[in-house]
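Observations on chain architecture
Take a look at the letters that make up each chain.
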Amino acid sequence: GVPNAGADEMPQHTVTLDAFKIDKYEVTNARYKVFMDAGGYSNQSYWTAEGWTWKTANSITEPLWWTSGSYNSGPSYPNHPVQGVSWYEASAFAKWSGKRLPTEAEWEKAARGTDGRTFPWGEGIDSGKANYGTSGSTQVGLYTLGVSPNGCLDMAGNVWEWVNDWYDSKYYTVTPASNPKGPDAGTLKVIRGGAWNY
């Protein structure tokens, strides 16, 4: 078995992925503000149809906590990761930036490498390698000792990270062996990595 794995995280299995690129750092408030200032919330072409409907129906014009600055959010904390964004907002930002959200399998490969480690740095939770159990985010890339085998930072702690996949508690029992993209449909999207408060 896999230590500390939930039922929806099993069975452990091997998948093969095509080469891909992924950002080294979490998206900062400063980077997200550029998206906002460039009309990110007013240009429908960046949004999925469901996302545009959600944004419009709920009068969403910025991330949760953006104006209040709670938990180190918003423009007063330019080098902290953006938080309080829905999957729709994360997806729109990715499209605006000419990228896409990673699949769950891509995210996990970037975070864990290929040797089956539990955390990006190896084994054992370590407050010197990840921001967790605190009152808010820290600047991206601050925990350099927590770097993943692929050179990515803050993949455990700081803020949760959206991936493209729909959630299905049984997906790992039916996942294809090559380039899994997640279920075709669902009601929830997947987040990975933990956060400052978890």
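All of the points below concern the structure found in this document. (Residues numbered from 1 in each chain as written. Predicted model: local features only at pLDDT ≥ 70, side-chain atom pairs only at ≥ 80, totals over all residues. Heavy atoms only, no water.)

Digging into the overall build of the chain
Assigned secondary structure in the chain consists of four helices and two strands. Each helix and strand of the chain, placed in order from N terminus to C terminus, yields the pattern α-α-α-α-β-β. Its C-alpha radius of gyration of 17 Å places the chain within 12% of the 16 Å reference for a compact globule of 198 residues. With the C-alpha coordinates aligned to their principal axes, the bounding extent of the chain is approximately 45 × 40 × 30 Å. Of all 198 residues assigned to the chain, the portion counted as buried reaches 43%. A separation threshold of at least 6 residues defines the contact pool for the chain, and within that pool the share at least 24 residues apart is 69%. (Helix = DSSP H or I, 4+ residues; strand = E, 2+ residues; numbered from the N terminus. Rg over C-alpha atoms; globule rule 2.2 N^0.38 Å. Buried < 20%, exposed > 50% of the residue type's maximum accessible area, 1.4 Å probe, protein only. Contact = heavy atoms within 4.5 Å.)

As for the packing of aromatic side chains
According to the stated counting rule, one finds 17 aromatic pairs in the structure shown. Centre to centre, the rings of Tyr32 and Tyr41 are 6.3 Å apart; their planes meet at 70°, and the pair counts as edge-to-face. Under the relative-accessibility criterion, Tyr41 is labelled buried at 9%. Aromatic side chains Trp87 and Tyr88 sit 6.0 Å apart centroid to centroid with 75° between the ring planes, which places their arrangement in the edge-to-face category. Owing to a relative accessible area of 11%, Trp87 belongs among the buried residues under this scheme. The partly exposed category is assigned to Tyr88, whose relative accessible area is 26%. A network of ring pairs unites the aromatic residues Tyr32, Phe35, Tyr41, Tyr46, Trp47, Trp52, Trp66, Phe93 and Trp96 as a single cluster. Lying across the ring of Trp52, Lys55 places its NZ or CZ 4.2 Å from the centre. The cationic tip of Lys189 hangs over the ring face of Trp87; the distance from NZ or CZ to the ring centre is 4.1 Å. (Phe/Tyr/Trp six-rings, centres within 6.5 Å; stacked < 30°, edge-to-face > 60°. Lys NZ or Arg CZ within 6 Å of the ring centre and 35° of its normal.)

Looking at helix α3 (residues 87–96)
Along α3, seven of the 10 residues are buried, which leaves the element largely enclosed by surrounding structure. At its buried positions, α3 is contacted by α1 (29–37), α2 (49–57), β1 (161–166) and β2 (189–192). A positive phi of about 80° marks Gly98, the residue just after α3.

Regarding the layout of surface pockets
The calculated volume of the second largest pocket comes to roughly 890 Å³. Lining of the second largest pocket is provided by 39 residues; of these, Val27, Leu101, Trp160, Glu161 and Trp162 occupy positions nearest its centre. Breaking the lining of the second largest pocket down by element, the ones donating at least two residues are α1, α3, α4 (104–112) and β1. When residues in the lining of the second largest pocket are grouped by element, the largest group, four residues, is from α3. Its residues placed into classes, the lining of the second largest pocket shows 24 nonpolar, five polar and 10 charged. (1 Å grid on protein atoms, 1.4 Å probe; cavity = no way out; pocket = protein on both sides within 12 Å on 5 of 7 lines; lining within 4 Å. Points joined across faces, edges and corners; volume = space filled by probe spheres on them. Nonpolar A, V, L, I, M, F, W, Y, C, P; charged D, E, K, R; others polar.)

Focus: the packing of α1 against α3
Two elements in contact, α1 and α3, have axes separated by 11 Å at closest approach and are oriented at 80°. What the angle tells us is that α1 and α3 run roughly perpendicular. Counting all contacts with α1, which are made through Arg31, Tyr32, Val34 and Phe35, the residues of α3 involved are Glu89, Ala92, Phe93 and Trp96. Of the residues contributing to the contact of α1 with α3, the split by class is six nonpolar, no polar and two charged. (Axes fitted to C-alpha atoms, helices over the stretch in contact; angles between N-to-C directions. Parallel < 35°, antiparallel > 145°, perpendicular 65-115°, else oblique.)

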